[in-house]
Amino acid sequence: MPALPTPSQPPYDLIIIGGGASGLVAAISAARIGKQVLICEQSGSLGLKLLASGGERCNLSNTLSSEDFMQRFGPSGRFMGPALEQLGGDKLREFFAGLGLETVVLDGFRVWPIDRKSVSVLRVLTEEIERAGVHVQLECKVIAAQTTPDGFAVQHAGGLFQTRKLLLATGGLALPKSGASGEGYSFAEEFGLRCTPRYPAGVPLTTVEDWPASCTAHTIGKAHIQVDLPKHKRIAGTGDLIFTKTGLRGPLVLDLSRDISPLLDKYDTVPLVMNLCRGKNQEEWQTIFKAWRLKPNAALDERLTEHLPLEVNHAICKLAEVEPDLPMHSLAGAQRDELIRLLVRTPITVSGTTGYEGAFVTRGGVRLKDVRPETLEAKTQPGLYLSGEVLDLDGPCGGFNLQWAFASGYLAGLG
Ligand SMILES: Cc1cc2nc3c(=O)[nH]c(=O)nc-3n(C[C@H](O)[C@H](O)[C@H](O)COP(=O)(O)OP(=O)(O)OC[C@H]3O[C@@H](n4cnc5c(N)ncnc54)[C@H](O)[C@@H]3O)c2cc1C
(Lines give C-alpha, C1' and ligand atoms only; values in the text may rest on other atoms or scores of the structure.)
Protein backbone atom coordinates (compact mmCIF):
# COMPACT_ATOMS: atom_id res chain seq x y z
CA MET A 1 0.00 0.00 0.00
CA PRO A 2 1.42 3.51 -0.82
CA ALA A 3 2.39 5.72 2.15
CA LEU A 4 -0.42 7.89 3.50
CA PRO A 5 -0.09 11.73 3.60
CA THR A 6 1.09 13.40 6.84
CA PRO A 7 -1.73 13.89 9.39
CA SER A 8 -2.62 17.42 10.46
CA GLN A 9 -3.71 16.77 14.08
CA PRO A 10 -2.02 15.40 17.20
CA PRO A 11 -2.65 11.70 17.70
CA TYR A 12 -5.63 10.26 19.54
CA ASP A 13 -5.09 7.52 22.09
CA LEU A 14 -7.73 5.42 20.34
CA ILE A 15 -9.59 5.66 17.06
CA ILE A 16 -12.63 3.43 16.75
CA ILE A 17 -13.79 2.64 13.24
CA GLY A 18 -17.53 2.06 13.59
CA GLY A 19 -20.10 3.78 15.80
CA GLY A 20 -22.36 0.78 16.38
CA ALA A 21 -23.17 -1.05 19.62
CA SER A 22 -19.63 -2.27 20.10
CA GLY A 23 -17.81 0.93 19.10
CA LEU A 24 -20.00 3.08 21.35
CA VAL A 25 -19.35 1.00 24.47
CA ALA A 26 -15.64 0.77 23.61
CA ALA A 27 -15.51 4.57 23.42
CA ILE A 28 -17.11 4.85 26.85
CA SER A 29 -14.77 2.37 28.55
CA ALA A 30 -11.68 3.99 26.98
CA ALA A 31 -12.77 7.55 27.75
CA ARG A 32 -13.57 6.61 31.35
CA ILE A 33 -9.92 5.66 31.89
CA GLY A 34 -8.85 9.02 30.56
CA LYS A 35 -8.14 8.25 26.92
CA GLN A 36 -8.63 10.67 24.03
CA VAL A 37 -11.03 8.82 21.75
CA LEU A 38 -12.37 9.42 18.27
CA ILE A 39 -15.18 7.42 16.64
CA CYS A 40 -15.21 7.44 12.82
CA GLU A 41 -18.68 6.45 11.59
CA GLN A 42 -19.43 6.36 7.91
CA SER A 43 -23.22 6.84 8.31
CA GLY A 44 -24.88 10.15 9.09
CA SER A 45 -25.80 8.92 12.59
CA LEU A 46 -24.55 6.50 15.21
CA GLY A 47 -25.97 3.07 16.02
CA LEU A 48 -28.29 2.49 13.06
CA LYS A 49 -28.26 -1.29 13.50
CA LEU A 50 -28.74 -0.94 17.23
CA LEU A 51 -31.85 1.12 16.49
CA ALA A 52 -33.24 -1.63 14.23
CA SER A 53 -32.49 -4.37 16.76
CA GLY A 54 -35.26 -6.49 18.22
CA GLY A 55 -37.89 -4.87 16.01
CA GLU A 56 -36.70 -1.47 17.34
CA ARG A 57 -37.23 -2.73 20.90
CA CYS A 58 -33.66 -3.96 21.41
CA ASN A 59 -33.30 -7.33 23.07
CA LEU A 60 -29.94 -6.34 24.47
CA SER A 61 -28.99 -9.42 26.49
CA ASN A 62 -30.41 -12.45 28.28
CA THR A 63 -30.34 -14.04 31.71
CA LEU A 64 -28.00 -16.97 30.96
CA SER A 65 -24.89 -17.42 33.07
CA SER A 66 -21.68 -16.63 31.16
CA GLU A 67 -20.95 -20.37 30.97
CA ASP A 68 -24.31 -21.20 29.34
CA PHE A 69 -24.12 -18.08 27.19
CA MET A 70 -20.79 -19.19 25.70
CA GLN A 71 -22.06 -22.70 25.09
CA ARG A 72 -24.82 -21.38 22.85
CA PHE A 73 -22.17 -20.08 20.41
CA GLY A 74 -20.65 -23.56 19.97
CA PRO A 75 -16.98 -24.49 20.51
CA SER A 76 -15.66 -20.99 19.72
CA GLY A 77 -17.87 -19.51 22.45
CA ARG A 78 -15.10 -19.83 25.07
CA PHE A 79 -13.30 -16.98 23.31
CA MET A 80 -15.82 -14.63 24.90
CA GLY A 81 -14.87 -15.53 28.50
CA PRO A 82 -12.67 -12.50 29.35
CA ALA A 83 -15.10 -10.04 27.73
CA LEU A 84 -18.05 -11.52 29.62
CA GLU A 85 -16.06 -11.29 32.83
CA GLN A 86 -15.85 -7.54 32.27
CA LEU A 87 -19.41 -6.97 31.10
CA GLY A 88 -21.51 -10.15 31.27
CA GLY A 89 -25.31 -10.08 31.48
CA ASP A 90 -25.68 -8.77 35.06
CA LYS A 91 -22.87 -6.23 34.72
CA LEU A 92 -24.33 -4.99 31.44
CA ARG A 93 -27.63 -4.32 33.17
CA GLU A 94 -25.77 -2.44 35.91
CA PHE A 95 -23.85 -0.53 33.24
CA PHE A 96 -27.10 0.64 31.63
CA ALA A 97 -28.65 1.39 35.02
CA GLY A 98 -25.61 3.57 35.69
CA LEU A 99 -26.39 5.46 32.48
CA GLY A 100 -29.97 5.97 33.67
CA LEU A 101 -31.63 3.16 31.75
CA GLU A 102 -33.28 0.34 33.69
CA THR A 103 -33.80 -3.00 31.97
CA VAL A 104 -36.51 -5.66 32.33
CA VAL A 105 -36.92 -9.39 31.79
CA LEU A 106 -40.46 -10.25 30.78
CA ASP A 107 -40.21 -13.93 29.83
CA GLY A 108 -37.55 -15.00 32.31
CA PHE A 109 -34.92 -14.88 29.55
CA ARG A 110 -34.70 -11.85 27.27
CA VAL A 111 -33.43 -8.53 28.61
CA TRP A 112 -35.01 -5.35 27.23
CA PRO A 113 -34.76 -1.64 28.02
CA ILE A 114 -37.60 -0.80 30.43
CA ASP A 115 -39.57 1.09 27.75
CA ARG A 116 -38.76 -1.54 25.08
CA LYS A 117 -37.30 1.14 22.80
CA SER A 118 -33.92 0.77 21.15
CA VAL A 119 -33.84 4.52 20.75
CA SER A 120 -33.52 4.77 24.56
CA VAL A 121 -30.48 2.48 24.50
CA LEU A 122 -28.85 4.60 21.82
CA ARG A 123 -29.77 7.81 23.63
CA VAL A 124 -28.05 6.87 26.91
CA LEU A 125 -24.95 5.64 25.08
CA THR A 126 -24.61 8.83 23.03
CA GLU A 127 -25.26 11.02 26.08
CA GLU A 128 -22.48 9.21 27.93
CA ILE A 129 -20.14 9.60 24.98
CA GLU A 130 -20.74 13.31 25.00
CA ARG A 131 -20.23 13.51 28.79
CA ALA A 132 -16.99 11.55 28.51
CA GLY A 133 -15.63 13.88 25.83
CA VAL A 134 -15.43 11.34 23.01
CA HIS A 135 -14.97 12.94 19.59
CA VAL A 136 -17.32 11.70 16.89
CA GLN A 137 -16.91 12.15 13.15
CA LEU A 138 -20.06 11.21 11.26
CA GLU A 139 -20.12 10.59 7.50
CA CYS A 140 -16.49 9.69 7.95
CA LYS A 141 -15.81 6.57 5.96
CA VAL A 142 -12.41 5.16 6.69
CA ILE A 143 -10.79 4.05 3.46
CA ALA A 144 -7.38 2.90 4.65
CA ALA A 145 -5.40 2.37 7.82
CA GLN A 146 -1.70 1.85 8.14
CA THR A 147 0.91 1.54 10.88
CA THR A 148 3.20 4.48 11.69
CA PRO A 149 6.17 4.58 14.10
CA ASP A 150 3.80 5.82 16.87
CA GLY A 151 0.70 3.82 16.08
CA PHE A 152 -1.65 4.11 13.12
CA ALA A 153 -2.66 6.55 10.39
CA VAL A 154 -6.34 6.39 9.49
CA GLN A 155 -7.37 7.80 6.15
CA HIS A 156 -10.87 9.04 5.32
CA ALA A 157 -12.18 11.03 2.39
CA GLY A 158 -11.50 14.36 4.17
CA GLY A 159 -7.95 13.66 5.34
CA LEU A 160 -5.98 11.72 7.87
CA PHE A 161 -6.09 11.06 11.62
CA GLN A 162 -3.38 9.51 13.67
CA THR A 163 -3.80 7.37 16.73
CA ARG A 164 -1.76 5.28 19.13
CA LYS A 165 -4.27 2.44 19.05
CA LEU A 166 -6.94 1.41 16.59
CA LEU A 167 -10.15 -0.55 17.12
CA LEU A 168 -12.03 -2.19 14.28
CA ALA A 169 -15.68 -2.22 15.40
CA THR A 170 -16.94 -2.25 11.85
CA GLY A 171 -19.63 -4.89 12.32
CA GLY A 172 -20.64 -7.48 9.74
CA LEU A 173 -22.58 -7.50 6.51
CA ALA A 174 -26.16 -7.91 7.74
CA LEU A 175 -28.60 -5.08 7.03
CA PRO A 176 -26.48 -3.11 4.52
CA LYS A 177 -28.66 -0.01 4.89
CA SER A 178 -27.33 0.36 8.47
CA GLY A 179 -23.82 0.93 7.09
CA ALA A 180 -22.75 -2.72 7.11
CA SER A 181 -20.18 -2.76 4.33
CA GLY A 182 -17.60 -5.34 5.32
CA GLU A 183 -14.54 -3.08 5.00
CA GLY A 184 -13.40 -4.15 8.46
CA TYR A 185 -12.49 -7.53 7.00
CA SER A 186 -10.19 -5.97 4.39
CA PHE A 187 -8.56 -3.71 6.98
CA ALA A 188 -7.95 -6.75 9.20
CA GLU A 189 -6.47 -8.70 6.29
CA GLU A 190 -4.16 -5.82 5.43
CA PHE A 191 -2.83 -6.05 8.99
CA GLY A 192 -2.10 -9.75 8.49
CA LEU A 193 -5.19 -11.23 10.15
CA ARG A 194 -7.14 -13.96 8.39
CA CYS A 195 -10.89 -14.10 7.84
CA THR A 196 -13.21 -17.09 7.57
CA PRO A 197 -15.84 -17.10 4.76
CA ARG A 198 -18.90 -14.96 5.50
CA TYR A 199 -22.57 -15.94 5.16
CA PRO A 200 -25.89 -14.31 6.02
CA ALA A 201 -27.15 -15.81 9.29
CA GLY A 202 -30.22 -15.27 11.40
CA VAL A 203 -31.95 -15.13 8.06
CA PRO A 204 -35.22 -16.44 6.52
CA LEU A 205 -34.82 -19.39 4.15
CA THR A 206 -36.29 -19.77 0.69
CA THR A 207 -37.59 -23.16 -0.43
CA VAL A 208 -37.83 -25.05 -3.71
CA GLU A 209 -41.43 -26.00 -2.86
CA ASP A 210 -44.03 -23.27 -3.23
CA TRP A 211 -46.61 -24.69 -0.81
CA PRO A 212 -45.43 -22.55 2.15
CA ALA A 213 -46.94 -19.56 0.30
CA SER A 214 -50.43 -20.92 0.98
CA CYS A 215 -49.72 -21.24 4.72
CA THR A 216 -48.42 -17.74 5.46
CA ALA A 217 -51.03 -16.93 8.08
CA HIS A 218 -49.73 -19.56 10.47
CA THR A 219 -47.10 -19.82 13.17
CA ILE A 220 -46.37 -23.40 14.12
CA GLY A 221 -45.32 -23.65 17.77
CA LYS A 222 -42.74 -26.22 18.89
CA ALA A 223 -42.00 -27.33 15.33
CA HIS A 224 -38.97 -29.59 14.94
CA ILE A 225 -36.63 -29.22 11.95
CA GLN A 226 -33.64 -31.38 11.06
CA VAL A 227 -31.23 -31.16 8.13
CA ASP A 228 -31.70 -34.35 6.12
CA LEU A 229 -28.12 -34.84 4.92
CA PRO A 230 -26.19 -37.83 6.30
CA LYS A 231 -23.25 -35.75 7.60
CA HIS A 232 -25.30 -32.88 8.98
CA LYS A 233 -28.17 -34.44 10.91
CA ARG A 234 -26.93 -32.76 14.11
CA ILE A 235 -28.25 -29.48 12.66
CA ALA A 236 -31.68 -29.60 14.23
CA GLY A 237 -33.88 -27.67 16.60
CA THR A 238 -37.32 -27.08 18.05
CA GLY A 239 -39.19 -23.77 18.19
CA ASP A 240 -41.58 -21.44 16.41
CA LEU A 241 -41.78 -21.66 12.63
CA ILE A 242 -43.56 -19.24 10.30
CA PHE A 243 -44.32 -19.87 6.65
CA THR A 244 -43.62 -17.07 4.18
CA LYS A 245 -44.41 -16.39 0.51
CA THR A 246 -40.97 -17.73 -0.38
CA GLY A 247 -40.22 -20.24 2.37
CA LEU A 248 -39.66 -20.28 6.11
CA ARG A 249 -38.85 -17.86 8.91
CA GLY A 250 -39.44 -17.61 12.66
CA PRO A 251 -36.98 -17.96 15.56
CA LEU A 252 -36.33 -21.66 14.90
CA VAL A 253 -35.48 -21.04 11.24
CA LEU A 254 -33.34 -17.97 11.98
CA ASP A 255 -31.26 -19.97 14.45
CA LEU A 256 -30.84 -22.97 12.14
CA SER A 257 -29.94 -20.68 9.24
CA ARG A 258 -26.59 -20.01 10.95
CA ASP A 259 -25.61 -23.59 10.07
CA ILE A 260 -27.68 -24.00 6.89
CA SER A 261 -26.40 -20.86 5.16
CA PRO A 262 -22.80 -22.19 4.84
CA LEU A 263 -24.13 -25.57 3.65
CA LEU A 264 -25.78 -23.83 0.69
CA ASP A 265 -22.28 -23.07 -0.56
CA LYS A 266 -21.43 -26.74 -0.61
CA TYR A 267 -24.76 -28.23 -1.69
CA ASP A 268 -26.98 -26.24 -4.05
CA THR A 269 -30.03 -27.14 -2.01
CA VAL A 270 -30.40 -28.44 1.54
CA PRO A 271 -33.14 -30.99 2.33
CA LEU A 272 -34.92 -30.64 5.66
CA VAL A 273 -37.49 -32.75 7.47
CA MET A 274 -40.03 -31.04 9.69
CA ASN A 275 -42.33 -32.32 12.39
CA LEU A 276 -45.07 -29.73 12.64
CA CYS A 277 -47.15 -31.53 15.28
CA ARG A 278 -45.17 -31.01 18.48
CA GLY A 279 -43.01 -34.05 17.90
CA LYS A 280 -45.85 -36.59 17.48
CA ASN A 281 -44.36 -39.88 16.31
CA GLN A 282 -45.67 -42.71 14.17
CA GLU A 283 -47.18 -44.69 17.07
CA GLU A 284 -49.02 -41.64 18.38
CA TRP A 285 -50.48 -40.92 14.95
CA GLN A 286 -51.53 -44.56 14.54
CA THR A 287 -53.44 -44.31 17.83
CA ILE A 288 -55.05 -41.06 16.69
CA PHE A 289 -56.11 -42.51 13.33
CA LYS A 290 -57.55 -45.57 15.10
CA ALA A 291 -59.68 -43.32 17.33
CA TRP A 292 -60.88 -41.41 14.24
CA ARG A 293 -62.39 -44.62 12.88
CA LEU A 294 -65.21 -44.09 15.41
CA LYS A 295 -66.46 -41.21 13.23
CA PRO A 296 -65.94 -42.74 9.78
CA ASN A 297 -67.89 -40.10 7.86
CA ALA A 298 -65.84 -37.12 9.03
CA ALA A 299 -63.56 -35.66 6.37
CA LEU A 300 -59.83 -36.21 6.75
CA ASP A 301 -58.94 -32.48 6.79
CA GLU A 302 -61.61 -31.82 9.41
CA ARG A 303 -59.87 -34.28 11.70
CA LEU A 304 -56.37 -33.11 10.87
CA THR A 305 -57.24 -29.50 11.75
CA GLU A 306 -57.40 -30.68 15.34
CA HIS A 307 -53.59 -30.85 15.09
CA LEU A 308 -52.53 -28.62 12.19
CA PRO A 309 -53.85 -25.46 10.48
CA LEU A 310 -56.09 -26.27 7.50
CA GLU A 311 -53.72 -24.96 4.83
CA VAL A 312 -50.80 -26.88 6.30
CA ASN A 313 -52.72 -30.15 6.50
CA HIS A 314 -53.92 -29.62 2.91
CA ALA A 315 -50.29 -29.22 1.83
CA ILE A 316 -49.32 -32.46 3.60
CA CYS A 317 -52.32 -34.31 2.11
CA LYS A 318 -51.18 -33.13 -1.32
CA LEU A 319 -47.68 -34.49 -0.69
CA ALA A 320 -49.28 -37.81 0.31
CA GLU A 321 -51.50 -37.66 -2.81
CA VAL A 322 -54.62 -37.97 -0.68
CA GLU A 323 -57.73 -35.81 -1.19
CA PRO A 324 -58.12 -33.76 2.00
CA ASP A 325 -61.95 -33.98 1.96
CA LEU A 326 -61.89 -37.79 1.77
CA PRO A 327 -64.21 -39.35 4.40
CA MET A 328 -62.17 -41.28 6.96
CA HIS A 329 -63.80 -44.59 6.01
CA SER A 330 -62.49 -44.25 2.42
CA LEU A 331 -58.86 -43.78 3.49
CA ALA A 332 -56.94 -46.88 2.42
CA GLY A 333 -54.32 -48.38 4.76
CA ALA A 334 -51.46 -47.49 2.41
CA GLN A 335 -52.71 -43.90 2.10
CA ARG A 336 -52.94 -43.62 5.89
CA ASP A 337 -49.41 -44.97 6.33
CA GLU A 338 -48.02 -42.53 3.77
CA LEU A 339 -49.86 -39.67 5.41
CA ILE A 340 -48.50 -40.64 8.84
CA ARG A 341 -44.98 -40.87 7.41
CA LEU A 342 -45.29 -37.34 6.03
CA LEU A 343 -46.86 -35.96 9.20
CA VAL A 344 -43.92 -37.25 11.22
CA ARG A 345 -41.30 -36.16 8.68
CA THR A 346 -42.55 -33.48 6.29
CA PRO A 347 -39.86 -32.89 3.66
CA ILE A 348 -38.94 -29.44 2.39
CA THR A 349 -35.90 -28.23 0.46
CA VAL A 350 -33.98 -25.05 1.17
CA SER A 351 -32.91 -23.27 -2.00
CA GLY A 352 -31.29 -20.20 -0.45
CA THR A 353 -31.61 -17.37 2.05
CA THR A 354 -33.11 -13.92 1.69
CA GLY A 355 -29.53 -12.54 1.82
CA TYR A 356 -27.85 -9.94 4.02
CA GLU A 357 -30.85 -7.59 3.61
CA GLY A 358 -32.95 -10.02 5.63
CA ALA A 359 -30.22 -11.26 7.98
CA PHE A 360 -29.60 -10.09 11.51
CA VAL A 361 -26.02 -11.30 11.82
CA THR A 362 -23.02 -12.47 9.79
CA ARG A 363 -21.57 -15.93 10.16
CA GLY A 364 -17.79 -15.85 9.77
CA GLY A 365 -15.36 -12.97 10.09
CA VAL A 366 -11.91 -12.28 11.51
CA ARG A 367 -10.41 -15.52 12.80
CA LEU A 368 -10.49 -15.84 16.56
CA LYS A 369 -7.09 -17.57 16.52
CA ASP A 370 -5.55 -14.29 15.33
CA VAL A 371 -6.89 -12.29 18.27
CA ARG A 372 -6.06 -12.45 22.01
CA PRO A 373 -9.28 -13.12 23.93
CA GLU A 374 -7.93 -11.45 27.12
CA THR A 375 -7.57 -8.05 25.43
CA LEU A 376 -9.03 -8.45 21.91
CA GLU A 377 -5.71 -7.22 20.50
CA ALA A 378 -4.55 -8.69 17.18
CA LYS A 379 -1.72 -11.18 17.62
CA THR A 380 0.04 -10.02 14.46
CA GLN A 381 -0.34 -6.29 15.06
CA PRO A 382 0.23 -4.70 18.47
CA GLY A 383 -2.15 -1.80 19.13
CA LEU A 384 -4.84 -3.10 16.79
CA TYR A 385 -8.05 -4.31 18.50
CA LEU A 386 -11.24 -5.92 17.19
CA SER A 387 -14.68 -6.15 18.75
CA GLY A 388 -18.28 -7.07 17.93
CA GLU A 389 -19.64 -8.70 14.84
CA VAL A 390 -16.48 -8.22 12.73
CA LEU A 391 -15.06 -11.22 14.61
CA ASP A 392 -15.96 -14.78 13.67
CA LEU A 393 -18.67 -15.19 16.30
CA ASP A 394 -22.43 -15.23 15.82
CA GLY A 395 -25.09 -16.19 18.28
CA PRO A 396 -28.73 -17.28 18.06
CA CYS A 397 -31.75 -15.00 18.55
CA GLY A 398 -32.26 -13.75 22.11
CA GLY A 399 -29.87 -10.92 22.93
CA PHE A 400 -26.70 -12.94 22.27
CA ASN A 401 -25.21 -10.77 19.54
CA LEU A 402 -25.73 -7.42 21.22
CA GLN A 403 -24.44 -8.78 24.53
CA TRP A 404 -21.29 -9.88 22.70
CA ALA A 405 -20.98 -6.54 20.87
CA PHE A 406 -21.27 -4.59 24.14
CA ALA A 407 -18.99 -6.86 26.21
CA SER A 408 -16.27 -7.08 23.56
CA GLY A 409 -16.40 -3.32 22.96
CA TYR A 410 -16.02 -2.70 26.68
CA LEU A 411 -12.98 -4.99 26.93
CA ALA A 412 -11.34 -3.63 23.78
CA GLY A 413 -11.83 -0.06 25.04
CA LEU A 414 -9.93 -0.92 28.22
CA GLY A 415 -7.01 -2.09 26.11
C1 LIG B 1 -32.73 -6.17 12.02
C2 LIG B 1 -31.78 -6.63 13.10
C3 LIG B 1 -32.28 -6.92 14.35
C4 LIG B 1 -31.41 -7.37 15.36
N5 LIG B 1 -31.92 -7.61 16.59
C6 LIG B 1 -31.09 -8.01 17.58
C7 LIG B 1 -31.57 -8.19 18.91
O8 LIG B 1 -32.73 -7.89 19.24
N9 LIG B 1 -30.69 -8.66 19.84
C10 LIG B 1 -29.38 -8.94 19.55
O11 LIG B 1 -28.64 -9.38 20.44
N12 LIG B 1 -28.89 -8.74 18.31
C13 LIG B 1 -29.70 -8.27 17.34
N14 LIG B 1 -29.19 -8.02 16.09
C15 LIG B 1 -27.73 -8.18 15.87
C16 LIG B 1 -26.97 -6.99 16.47
O17 LIG B 1 -27.67 -5.78 16.19
C18 LIG B 1 -25.56 -6.88 15.91
O19 LIG B 1 -24.89 -8.10 16.05
C20 LIG B 1 -24.78 -5.77 16.60
O21 LIG B 1 -25.42 -4.53 16.45
C22 LIG B 1 -23.37 -5.66 16.03
O23 LIG B 1 -22.73 -4.56 16.62
P24 LIG B 1 -21.35 -4.02 16.03
O25 LIG B 1 -21.06 -2.77 16.77
O26 LIG B 1 -20.36 -5.09 16.00
O27 LIG B 1 -21.67 -3.67 14.51
P28 LIG B 1 -22.68 -2.50 13.84
O29 LIG B 1 -23.71 -2.22 14.84
O30 LIG B 1 -23.01 -3.05 12.56
O31 LIG B 1 -21.70 -1.29 13.79
C32 LIG B 1 -20.66 -1.20 12.86
C33 LIG B 1 -20.55 0.23 12.40
O34 LIG B 1 -19.35 0.40 11.66
C35 LIG B 1 -19.57 1.32 10.64
N36 LIG B 1 -18.54 1.14 9.61
C37 LIG B 1 -18.28 0.01 8.90
N38 LIG B 1 -17.24 0.23 8.07
C39 LIG B 1 -16.85 1.51 8.25
C40 LIG B 1 -15.84 2.31 7.67
N41 LIG B 1 -15.04 1.85 6.70
N42 LIG B 1 -15.69 3.60 8.12
C43 LIG B 1 -16.50 4.10 9.08
N44 LIG B 1 -17.50 3.38 9.65
C45 LIG B 1 -17.67 2.09 9.26
C46 LIG B 1 -20.98 0.97 10.15
O47 LIG B 1 -21.57 2.06 9.47
C48 LIG B 1 -21.68 0.63 11.46
O49 LIG B 1 -22.36 1.74 12.02
C50 LIG B 1 -30.03 -7.55 15.08
C51 LIG B 1 -29.55 -7.23 13.82
C52 LIG B 1 -30.40 -6.78 12.83
C53 LIG B 1 -29.84 -6.45 11.46
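Everything here concerns the structure above.
Nothing here was measured: the structure is a model prediction, and the numbers come from that model. (Residues numbered from 1 in each chain as written. Predicted model: local features only at pLDDT ≥ 70, side-chain atom pairs only at ≥ 80, totals over all residues. Heavy atoms only, no water.)

The subject of this paragraph is the pairing of strand 2 (residues 37-40). What you see with strand 2 is no split at all: Val37 and Ile39 on one side and Leu38 and Cys40 on the other are buried throughout. Assessed by its sense of winding, the connection that carries the chain from strand 1 (residues 12-17) through helix 1 (residues 21-32) to strand 2 is right-handed. For strand 2 and strand 6 (residues 135-137), the ladder comprises 3 bridges, and the chain directions are parallel. When the bridges of strand 6 are listed, Leu38 appears paired with His135. (Buried < 20%, exposed > 50% of the residue type's maximum accessible area, 1.4 Å probe, protein only. Helix = DSSP H or I, 4+ residues; strand = E, 2+ residues; numbered from the N terminus. Right-handed = clockwise from strand over helix to strand, strands pointing away. Pairing = 2+ DSSP bridges.)

With that out of the way, let us pick up the site of the ligand. Taken together, 36 residues form the shell around the ligand, and within it Glu41, Gly54, Glu183, Glu389 and Leu402 come nearest. Glu41 has a polar side-chain atom sitting 2.6 Å from an oxygen atom of the ligand. Between Glu389 and the ligand, the recorded distance is 2.8 Å, taken from a side-chain N or O atom to an oxygen atom. Taking 1,000 Å² as the accessible area of the ligand by itself, protein coverage stands at 93%. The residue makeup of the shell around the ligand, split by class, is 14 nonpolar, 17 polar and 5 charged. (Near = heavy atom within 4 Å. Polar contact = N/O pair within 3.5 Å; in protein donor to acceptor, adjacent residues only side chain to side chain. Areas by Shrake-Rupley, 256 points an atom, 1.4 Å probe, with all protein chains shown as cover. Nonpolar A, V, L, I, M, F, W, Y, C, P; charged D, E, K, R; others polar.)

Here Leu310 lies in helix 11 (residues 310-319). Note on Leu310: relative accessible area 38%, which makes it partly exposed. Remark: the alpha-carbon pair of Leu310 and Cys215, spanning 95 residues in sequence, is separated by 8.6 Å. Once residues within four sequence positions are removed from consideration, Leu310 is found in contact with Asp301 and Thr305. (Contact = heavy atoms within 4.5 Å.)

Read these as layout, nothing more, since geometry by itself doesn't imply function.
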